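Secondary and tertiary structure notes
Chain by chain, the residues run as shown.
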There are 2 protein chains.
Amino acid sequence: MTDPNLSRRTFLAASAAAATAAAAVSGSKAGADDEPERAKLKEGAVVLFQGDSITDAGRNRNAKGANNAGALGRGYPMLLASELLRDHADPSMKVFNRGISGNKVPDLDKRWEADCLAIKPDVLSILIGVNDIWHKLNGRYDGTVETYETGYRALLKRTMESLPATRIVVCEPFVLKCGAVDDKWFPEMDDRRAVARKLAEELKLTLVPFQAMFDEAVKTTPPQYWAGDGVHPTLAGHSLMAHTCRKVTGI
Amino acid sequence: MTDPNLSRRTFLAASAAAATAAAAVSGSKAGADDEPERAKLKEGAVVLFQGDSITDAGRNRNAKGANNAGALGRGYPMLLASELLRDHADPSMKVFNRGISGNKVPDLDKRWEADCLAIKPDVLSILIGVNDIWHKLNGRYDGTVETYETGYRALLKRTMESLPATRIVVCEPFVLKCGAVDDKWFPEMDDRRAVARKLAEELKLTLVPFQAMFDEAVKTTPPQYWAGDGVHPTLAGHSLMAHTCRKVTGI
């Protein structure tokens, strides 16, 4: 592979990604010895997590500094940051969380200049989509699957044009069938997940298959164990996300 | 090994433990594929972290429930809990943090019935000692190395008598040479560390060699990266502690 875009923006086909997620789940339970070789993050790499409440995870929004436990929240960004900072041991690395509870694609779009482009991340992880359907089900939003696709594609293209060297990671939106998640979510939730996967493939971005990962996890442990309300992960769920995100991206 | 006490309370000799810590540090940087087989934690295992501010790590003391991210703080107990809950995937497992900032051995002793014995942990991790010297250097305490040894031994023996089936993990107190830690701490800090190691050997308890681990880490990365004031770990430092604690205990 001589095209740097191919190595930088590895696309993982859906089936391979699902297999990776399954291996992450079953492997971790068995006492994983299958940690991949770590991809090199350049010295002083900037890693940014973007998204909604799942990413936000109770972070202190007044703490703007990098690598601060409070500013990183109590979710998968903080857990992943703790591993990156430990294993890369690079004092010039910077990890930020800019997820905001309740956000949908149009909310990210409005704050993208300050909260993403200006930060110039080397690795950008985005998890967005669950509020785009949840708020619609609640009657607080009228965006369709097509709105989600159009808006998300535009956001990703804008990012790729502004930050051509940035590795963009598209996290698959997910729900677990418990708590607030009932039959009304389907099949639209599946259609929206398919959009995220389609955009990752179309734009040759890394996809992290969180739905496949949780589908595997609930085969042996009740969904409430991983996300009490079906949307917001428990500590165990966030840990599984951090683990799979790291395995899939190799950072 | 047919004696259950030997398998339950594995004593790791200092040299082997230091080698493990070194491997944990260097291995994790290289992209570790040397995860040990996980020891079986019985279904419904109760894991308790005890100690001072390093263990407390800003936990919400009003949240008494198990496995709650806020109640577990922002330090190594929460990071380790996130991995245990993920990998063991046991809905009946309970992980608690009862570290309290500023505590010394006599403070643990006063609250031991309610904050340890009544919880009946299957695994009990204790990290105590840095305030026993720090508060003495500050003129707020007059305990000596001998006081530390006598008090700590009594606390451990009391625990072993009350909870004979509990696996007790003695974490080596540590400091890094930066921030608040200057020459006045030595050699007394070394003497106090030696007490913790001696008690672990004497009582056949697992020792987690945090000082050896940090000594290895600072060979390549400045001490401030792991603990800004030389006493309280950063997120990277806490992550290294969680990683080493898990490797050494095998849980």
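Everything here concerns the structure above.
Source: prediction; values computed, not measured.

1. As for the pattern of salt bridges
Pairing of side chains with opposite charge becomes possible as their charged atoms draw close. Enumeration over the complete set of coordinates arrives at 36 salt bridges over all chains. Between D190 of chain A and R193 of chain A there is a salt bridge; the shortest N-O distance is 3.0 Å. Pair noted here: D190 of chain A and R193 of chain A are both in helix α9 (residues 188-202), with a separation of 3 residues, about one helical turn. Two residues, E172 of chain B and R197 of chain B, come together in a salt bridge whose shortest N-O distance is 2.7 Å.

2. Description of the packing of helix α5 (residues 76-88) of chain A against helix α13 (residues 235-249) of chain B
At a minimum axis separation of 8 Å, α5 of chain A and α13 of chain B run at an interaxial angle of 85°. One element, α5 of chain A, and the other, α13 of chain B, form an angle in the roughly perpendicular class. Within the contact between the two elements, α5 of chain A uses M78, A81, S82, E83, L85 and R86 of chain A and α13 of chain B uses L235, A236, S239, L240 and H243 of chain B. Looking at side-chain class alone, the contact of α5 of chain A with α13 of chain B contains 6 nonpolar, 3 polar and 2 charged residues.

3. Quick notes on the sheet that holds strand β4 (residues 167-171) of chain B
The strands making up a sheet associate through hydrogen bonds between their backbones, and the pairing can be parallel or antiparallel. Residues and elements named next belong to chain B. Read across the sheet, 5 strands follow the order β2-β1-β3-β4-β5 without closing on themselves; strand pairing throughout is parallel. Of all the strands in the sheet, just β2 (94-97) and β5 (206-208) have a single pairing partner and so form its edges. Averaged over all neighbouring strand pairs, the angle between strand axes comes to 15°, with direction disregarded. Helix α9 (residues 145-162) contacts β3 (123-127) and β4 of the sheet and is inclined by roughly 160° relative to β4. Each of β3, β4 and β5 is contacted by α13, which is oriented at about 155° to β5, the strand it contacts most.

4. Brief notes about α9 of chain B
All names here are of chain B. With 18 residues, α9 should cover 26 Å at 1.5 Å per step; its first-to-last C-alpha distance of 26 Å lies within 8% of that length. V145, Y148, E149, Y152, R153, L155, L156, T159 and M160 are the residues of α9 that are buried. The arc that holds the buried residues of α9, viewed along the axis, is 165°, so those residues lie on one side. Exposed residues on α9 whose side chains face more than 90 degrees from its buried face are E146, T150 and E161. Capping the start of α9, T144 holds a side-chain oxygen 3.2 Å from the backbone nitrogen of E146, two or three residues further along.

Cut-offs and rules
Position numbers for residues count from 1 along each chain, tracking the sequence in the order it is written. As a convention, the first chain written is A and the first ligand written is 1, with the rest following in written order. Only residues with pLDDT of at least 70 are given local features in this predicted model, and only at 80 or more are side-chain atom pairs given and counted; all residues enter the totals for whole chains, interfaces and linings. Only hydrogens and water are removed before side-chain values are computed, so all heavy atoms of the structure are retained for them. Just to be clear on terms, a salt bridge is a Lys or Arg side-chain nitrogen sitting within 4 Å of an Asp or Glu carboxyl oxygen. Helix numbers and strand numbers start at the N terminus; a helix is a DSSP run of H or I with at least 4 residues, a strand a run of E with at least 2. Fitted lines through C-alpha atoms give the axes, limited to the stretch in contact for helices. The angle between two N-to-C directions lies from 0 to 180 degrees. Note on terminology: angles under 35 degrees are roughly parallel, angles over 145 are roughly antiparallel, angles of 65 to 115 are roughly perpendicular, and the others are oblique. Any two residues whose heavy atoms approach within 4.5 Å at even a single point are treated as in contact. Polar here means any residue other than Ala, Val, Leu, Ile, Met, Phe, Trp, Tyr, Cys and Pro, which are nonpolar, and Asp, Glu, Lys and Arg, which are charged; Gly is therefore polar. Two strands qualify as a pair provided DSSP detects at least 2 bridges between them. Take the residue count of a helix, subtract one, and multiply by 1.5 Å to get its expected span. Only protein chains enter the calculation, and the probe is 1.4 Å; a residue is then buried if its accessible area is under 20% of its type maximum, exposed if over 50%, and partly exposed in between. Within this analysis, the arc is defined by the directions that extend from the helix axis to the C-beta atoms. Counted as a polar contact is a pair of N or O atoms within 3.5 Å, where, for protein atoms, one must be capable of donating a hydrogen and the other of accepting one, and residues adjacent in sequence contribute only when both atoms are in side chains.

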